[in-house]
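# Remarks on the overall topology
Spelled out from the first residue to the last, the chains are:
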Amino acid sequence: MTTSLLKFGFDNTYARDLDGFYVLWQGEDFPNPEVLCVNMALANDLGLDTNALRTQAGADVLSGKATADGATPLAMAYAGHQFGGFSAQLGDGRAMLLGEILDAQGQRFDLHLKGSGRTPFSRGGDGKAVLGPVLREYLMGEAMHALEVPTTRALAAVTTGEQVMREGIKQGAVLARVASSHLRVGTFQFFAARQEWARVRQLADYAIARHYPELLAVEDKYLAFLSAVAYRQAALVAKWLQIGFVHGVMNTDNMAISGETIDYGPCAFVDTYDAGAVFSSIDRNGRYAFGNQPAIAQWNLTRLAEALLPLIDEKDSDNAVRLATDELNRFTDHYTEVWTAGMRAKIGLRGAEDGDVDLINHLFTAMEGEGVDYTQFFRRLADAVGGSDNSAKALFADQTKCVAWLAEWRARIARDPQDAAARIAMMNAVNPIYIPRNHHVQEALDTAEAGDMALFETLLGVLADPYNKREGLEKYEGPAPDTFGPYQTFCGT
Ligand code: AMP
Ligand code: MG
C-alpha cells in the first residue's frame, strides 16, 4: 500500500553491500497509524513531500506497517557493552532501517524507525515504543540540532493505535529518525566477538567510505579510522559538556561511528552545574554522570580499538596494541583541545594563552557546590563584560567565589582586545539562553500524552532558536522551581 507521492529516492548501500550484517524484516501491522508530527524543515531539506508524509499512506510507511517503494526494511545486528558488561547480541530489537536517502547536496542519511515491532533481535522485549519517549527523542534531537551539536533527528512521530504495557498502559508510537548512519561501536563488536575478522574489515571499509572518505588512500587506514572516530567523539562530548547535556546511557551500542549523538533515552540537561549529575534511574553508580562522559567516551573507543586490532596489524598483535594504545592516549589531548577552544568562546576570549585552561578550570571549581545555573551563568557573564557583575554573582550561594573568579577573568580579557559589544555578541552566539529544561520537557510530554500537543509545539519552537532572546519567553530562561524536586529519567521504552 503505497502512494506515488511518497517518493524517498532510496539508495540502500547497507542492504546492498553488507549482506550478513542484518536480517530483512517487516514492520508490525499496527491497527491505526496516525501521524502526530512531521519535521517540516528536515523533510524539506531531504526533498520529501511534506503533504504526502501526512497522509494515511505516510502514516503507514512511517510506522513500518507499509513498505515504501525502494525501501529494504531490515534489522541491523550489533552487540555492545551496557554499563560495562558485554552483550554479544543486541541488535535492532524494536527498530528497522528502511533505507538511505540523499539530500540536495548528495549527503547520505539513514531513514530508520524505532518502535516498529518485534524483530529477531528482540530477546524478551515487545518491540514497541511509547509516545512519551518518542516525543522526548524528537524534542531533544531538535534542540541539539539547533545547538549545533551533531545529532540524529526526528522526521516524524506516529501513533500506532495500540495500547502498550509499561508502568501502566501507554499509547504506542513510532519515531521515524534520520541519521548519518546507524553504525555503532557495537556493530564492530558484534563481528569481533565472533572473530569474524573479514566482516570487521568489510564493515570498517564501509564506514570509512561513508564517513571518512579522506582516509581511503591512507596507508594505515584502520588506525587512522580509529583516530578519526576518536576525534569526532572528543568534539561531540566536549559540546555536550559545554551545554550541560547528560546522555545518560553511553553504552557502546549507543555510540555512533559518525560522531552524532544517538539514542535519546534517559538524557537530560543540568540546571545547576554539578559534575556528578545523574538523571537516569538505572545509573545507580553514576557511570554516565555529567563530568564522567569524556572518560566513558575514551573507554568506549578502547572497545572499538579492540575490535579493530587485527586490522591495525594483522601479523603482530603486540604492535597493533601499541599503535592503538598510543592513539587512545591522544584522546585526552584531543578532548582538551576542542573543549578549551569551545570554553574560550563561552567566556569571551578570541585569542589563546597557555593559562586559559587554568582560568577555565578555576571557574568550574568556583561553581562546584554553589548551586549555579549553568546556562544562565554564561549569559550573565556577558553582562559582566559591560561592567555589571551583579547578575552573575547572584547565581552563587557564596558570591565571594564568583568575585574572585571574575577578577581573574577580567585580567585575562584585558589582554584579549575586542570592544565590549563584539565580545558580548560573540559570547551570546555560543551560550544558549533556551535549553530543554527538564520541567518544561516533562510538562510538554505529560500534556502531549494527555492529547494536547500545544506545549510540545511551543517548546519545539522556543528551542529551535536557542541563542536569541525573545520577548515573552522569560519562563523558558530559568531553572525548575524547587517544587519540581529532583528529576529522574527512565530508559527509552
Ligand atoms: P536502547 O536502550 O534503546 O539503546 O536499547 C538497547 C537494546 O535493547 C537494543 O538492542 C534494543 O533494540 C533493545 N530494546 C529496547 N527496548 C526494546 C523493546 N521494547 N523490545 C525489544 N527490544 C528492545
Ligand atoms: Mg540504543
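Just so we're clear, the structure is a prediction, and the values are computed from it rather than from any experiment.

The rules behind the values
Residues numbered from 1 in each chain as written. Chains lettered and ligands numbered in written order. Predicted model: local features only at pLDDT ≥ 70, side-chain atom pairs only at ≥ 80, totals over all residues. Heavy atoms only, no water. Donors = N, O, S within 2.8 Å, 3.2 Å for Na, K, Ca; no water. Buried < 20%, exposed > 50% of the residue type's maximum accessible area, 1.4 Å probe, protein only. Near = heavy atom within 4 Å. Polar contact = N/O pair within 3.5 Å; in protein donor to acceptor, adjacent residues only side chain to side chain. Nonpolar A, V, L, I, M, F, W, Y, C, P; charged D, E, K, R; others polar. Domains from an automatic or database assignment. Helix = DSSP H or I, 4+ residues; strand = E, 2+ residues; numbered from the N terminus. Pairing = 2+ DSSP bridges. Contact = heavy atoms within 4.5 Å. Buried area = accessible area lost by both parts, 1.4 Å probe. Salt bridge = Lys/Arg side-chain N within 4 Å of Asp/Glu carboxyl O. Axes fitted to C-alpha atoms, helices over the stretch in contact; angles between N-to-C directions. Parallel < 35°, antiparallel > 145°, perpendicular 65-115°, else oblique. Left-handed = near helix turned anticlockwise from the far one by under 90°. Expected span 1.5 Å × (residues − 1). Arc of directions from axis to C-beta.

Looking now at the coordination of the magnesium ion (ligand 2). Donor atoms from the polypeptide that bind the magnesium ion (ligand 2) are N254 (OD1) and D263 (OD), placed at 1.9 to 2.1 Å. Summarising the burial analysis for this pair, N254 and D263 share the class buried.

Taken together, 17 residues lie around ligand 1, and G91, G93, R123, D126 and G127 are the ones closest in. Within the backbone of K128, a nitrogen or oxygen atom sits 3.4 Å from a nitrogen atom of ligand 1. Within the shell around ligand 1, the residues separate by chemical class into two nonpolar, seven polar and eight charged. Both of domain 1 (2-181) and domain 2 (186-339) provide at least three residues apiece to the shell around ligand 1.

To continue, consider the pairing of strand β7 (residues 108-114). Among the seven residues that make up β7, six are buried, leaving the element largely enclosed by the rest of the structure. Linking two consecutive strands that pair antiparallel, namely strand β6 (residues 95-102) and β7, is a turn of five residues; a positive phi of about 85 degrees is found at G106 within it. Two elements, β7 and strand β10 (residues 168-179), share five bridges in a ladder whose sense is antiparallel. Paired with D110 across the bridge in β10 is A179.

Before going further, it helps to examine the domain arrangement of the chain. Partitioning the chain into structural domains gives domain 1 (2-181) and domain 2 (186-339). Here domain 1 and domain 2 have C-alpha centroids that lie 23 Å from each other. Counting from both sides, the interface comprises 39 residues of domain 1 and, opposite them, 40 residues of domain 2. For the pair domain 1 and domain 2, the summed buried surface comes to about 3,300 Å²; carbon and sulfur atoms form 61% of the total. The largest share of the area that domain 1 buries against domain 2 comes from F21, H81 and F83, three residues that together contribute 22% of it. Applying the counting rule to domain 1 against domain 2 returns four salt bridges. With a closest N to O distance of 3.3 Å, D263 and K114 form a salt bridge. The interface formed by domain 1 and domain 2 includes 21 residue pairs in polar contact (both at pLDDT 80 or more). At the level of secondary structure, the elements contributing two or more residues to the side of domain 1 that touches domain 2 comprise α1 (13-17), β4 (80-82), β7, α5 (131-146) and β10.

Across the interface, helix α7 (residues 197-211) lies against helix α8 (residues 221-243) with an axial gap of 11 Å and an inter-helix angle of 55 degrees. Taken together, α7 and α8 sit at an angle that is classed as oblique. Handedness of the crossing formed by α7 with α8: left-handed. Where α7 approaches α8, its residues R201, A204, D205, A207, I208 and H211 are matched on the opposing element by K221, Y222, F225 and R232. Grouping the amino acids of the contact of α7 with α8 by side-chain chemistry returns five nonpolar, one polar and four charged.

A few words on helix α10 (residues 317-329). Counted at 1.5 Å a residue, the expected span for α10 with its 13 residues is 18 Å, and the 18 Å between its end C-alpha atoms agrees. When we look at burial in α10, the residues that qualify are A320, A324, E327 and L328. Along α10, the residues classed as buried sweep out an arc of 95 degrees about the axis, all on the same side. Those residues of α10 that are buried are in contact with α8, α9 (293-312) and α11 (331-346). The distance from a side-chain oxygen at the start of α10 to the backbone nitrogen of D318 is 3.1 Å, and the residue carrying that oxygen is D316.

The next thing to look at is the packing of α7 against α9. Running from N to C, α7 and α9 point in directions that differ by 100 degrees, and their axes come no closer than 10 Å. Viewed along their axes, α7 and α9 adopt a mutual orientation that is roughly perpendicular. Between α7 and α9, the residues in contact are W197, V200, R201 and A204 and A307, L308, P310 and L311, respectively. Class assignment of the residues belonging to the contact of α7 with α9 gives a composition of seven nonpolar, no polar and one charged.

This part covers the environment of G27. If you trace the backbone, G27 turns up in the loop between β1 (22-24) and β2 (34-38). By relative accessible area, G27 is classed as buried at 19%. Sequence-distant contacts of G27, defined by excluding residues within four places in its chain, comprise G64, M96 and S116.

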